[in-house]
Structure formats: structure tokens, C-alpha cells
Amino acid sequence: MNYQDLKYIYKPSGKNGAYTLLLLHGTGGDETDLLPLAEKFGSDLNVLSLRGNVLESGMPRFFKRLGMGIFDEQDLAFRTHEMVAFIRKLATKENFDAHKVIALGYSNGANIAGSTLVMYPDFFAGAVLYRPMQPFKKMPEVSSQSHAPVFMSNGSMDPTIQPGATEKYIEWVKQSGYDVEAYEVRTGHGLTQQDLQLSVQWFQKNFNTVKAAG
Ligand code: MLT
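None of these values were measured; they are calculated from a predicted model. (Residues numbered from 1 in each chain as written. Predicted model: local features only at pLDDT ≥ 70, side-chain atom pairs only at ≥ 80, totals over all residues. Heavy atoms only, no water.)

I'm lost on the overall build of the chain in this one. Help?
Summing up its helical and strand segments, the chain has 5 helices and 11 strands in all. Here the chain has a C-alpha radius of gyration of 16 Å; the compact-globule value for 214 residues is 17 Å, and the two agree. Each of the three principal axes of the chain carries a C-alpha extent, and together these read 40 × 40 × 35 Å. For the chain, the residues scored as buried account for 53% of the 214 residues in total. Considering only contacts in the chain between residues 6 or more positions apart, those separated by 24 or more positions represent 73%. Once the 21 positive and 22 negative side-chain charges of the chain are each reduced to a mean point, those two points are 2 Å apart. (Helix = DSSP H or I, 4+ residues; strand = E, 2+ residues; numbered from the N terminus. Rg over C-alpha atoms; globule rule 2.2 N^0.38 Å. Buried < 20%, exposed > 50% of the residue type's maximum accessible area, 1.4 Å probe, protein only. Contact = heavy atoms within 4.5 Å. Lys, Arg positive; Asp, Glu negative; His and termini not counted. Charge placed at Lys NZ, Arg CZ, Asp CG, Glu CD.)

Before we go on, may I ask you to explain the packing of aromatic side chains in this structure?
For any two aromatic rings, the description comes down to two numbers: the centre-to-centre distance and the angle of the planes. Going through the model one piece at a time under the given rule, you end up with 14 aromatic pairs. Between tyrosine 8 and phenylalanine 86 the ring centres are 5.8 Å apart and the planes differ by 65 degrees, which places this aromatic pair in the edge-to-face class. Placement of tyrosine 8 in strand S1 (residues 8-11) and of phenylalanine 86 in helix H2 (residues 73-94) is noted, with a sequence separation of 78 residues between them. Note on tyrosine 8: relative accessible area 24%, which makes it partly exposed. Three or more aromatic residues link up through ring pairs in this structure, and these residues are Tyr19, Phe41, Tyr130, Phe151, Tyr183, Trp202, Phe203 and Phe207. Positioned above the aromatic ring of phenylalanine 63 is the side chain of arginine 61, whose terminal nitrogen or guanidinium carbon lies 5.1 Å from the ring centre. (Phe/Tyr/Trp six-rings, centres within 6.5 Å; stacked < 30°, edge-to-face > 60°. Lys NZ or Arg CZ within 6 Å of the ring centre and 35° of its normal.)

How do you make sense of the side chain of asparagine 154 when you look at a structure like this?
Here asparagine 154 is to be found in strand S10 (residues 149-155). Ignoring sequence-local partners within four residues, the contact set of asparagine 154 consists of Arg131, Pro132, Ile161, Thr166, Tyr183, Glu184 and Val185.

Sorry, what's going on with the pattern of salt bridges here?
Pairs can form between side chains of opposite charge whenever their charged atoms are close. What the rule picks out here adds up to 8 salt bridges. Residue glutamate 82 is joined to arginine 79 by a salt bridge in which the shortest nitrogen-to-oxygen separation is 3.0 Å. A residue pair is termed a helical-turn pair when its members lie 3 or 4 positions apart in one helix, as glutamate 82 and arginine 79 do in helix H2 at 3 residues. According to the relative accessible area criterion, arginine 79 is buried, its value standing at 8%. A salt bridge links arginine 131 to aspartate 195; the nearest nitrogen and oxygen atoms lie 2.9 Å apart. Here the residue arginine 131 occupies a position in the loop between strand S9 (126-130) and S10, and aspartate 195 occupies one in helix H5 (residues 193-207), the gap between them amounting to 64 residues. (Salt bridge = Lys/Arg side-chain N within 4 Å of Asp/Glu carboxyl O.)

Where do I start with the side chain of threonine 80 in this structure?
Among the structural elements, threonine 80 can be located in helix H2. A polar atom in the side chain of threonine 80 sits 2.6 Å from the side chain of serine 115. Excluding residues that lie within four positions of it along the chain, threonine 80 makes contacts with Ile112, Ser115, Thr116, Met119 and Tyr120. (Polar contact = N/O pair within 3.5 Å; in protein donor to acceptor, adjacent residues only side chain to side chain.)

So, in C-alpha cells, the structure goes:
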């Protein structure tokens, strides 16, 4: 199968050397979903928002799954290569720095960001993973040379994730050389203000962005 382009929205910051915040929606979302959230991360960021190329009963996703929480790992690997190739191509077209891309993904979007951490350990300058799941059943040994900062937040009452699975995944991310900050929020699978607040604080600490209004 050949790589296909992804639908996207790109909003340049107009600032030289800016980071690019890469927005990756959850199942059934699209490239418009996370735009309001991106505004909270600062006004000096380019924003690139993608729509997953896979449709599940009409719902966009970033890769196929075989059941709830059971991933089609072959498709996940293919879609990860496809997404990274597309972002690299787009960096030339839209004129942003492909080495300064920070992923921000929710649920299915967090999971393709996670598989990028596995398959391209030095591609992201940082990553925000809301409600992530371990992307592959057997995680390979990975050694990130850039030690990119990774924020993770999970819901303590999230019915989509098996107890204990999150701790194992966080441990893998740490062992792989990433600089991890992980939180558990007393909620389910949906995002809360607390997730947002914690991730914005983490972002400002790690990327020193201009504080956004509101
Ligand atoms: C996934 O399929 O990536 C996870 O189960 C989360 C979801 O999108 O529902």
C-alpha cells in the first residue's frame, strides 16, 4: 500500500524558529477538535492538526483496531511511517522545522504519537499523551538520544484501559530515555480541566512558551 496524504490544518505562528504543536484527535474526531485546546499552549507556536486516514464505521482514526483496545499492529506501524513521512514532507511545503514538532494527542491520537516514540525515538521534540495506551503488545527496546520530555495523563476510572497497564507503559517510556512526567487524574476516559492545566504547566516549564490568554 502506498502512503497517502492526511487532511490537515496548519496555522503558522509567524515567529522564526517556532515549535510546531501537532494535534492528533481521538476516535471519531477530526482536525478541528483540538484547535481550541491548542490556544492554551501559547501564542508563539505553529499549529498542525491532522485527521487520521482510517475510517471505522464513519469515524476517523489514525490506525485500524480489531476490537476495543486491540490494535491492528501492522496497520499501526504502517500508519506511523505514513504520518511521519507526511509531516516531513509538509515541513518543507509549509516551512516549519521538522525537528521542533511537539505531539499533543488524545486517546487514539495519543496512541499513534506513542507508536512514533517507539518507531522514531528522536522524531518528536516532546509529546503530550492524554489517556494513552501502550501501542504495541510487545514493546521493543528503544533508546532515545534526545531524551525528549513526555507528559502523560491517565484517568483512574478509565474503563478502556486495564489496571496496571498504564504503569507498565510509563515504565517503558522512562526506560527508553524519555523525560517523563506522568499524572493520574480522578476521572474516566474524557479530558478534564485538570489534564489541561497540568499539561500547560508542563509545557511552559519545558518549552518556555509565551503564556496564552485565558
Ligand atoms: C484506540 O483505539 O486507540 C484506543 O482504544 C482509544 C480509542 O480510540 O478509543
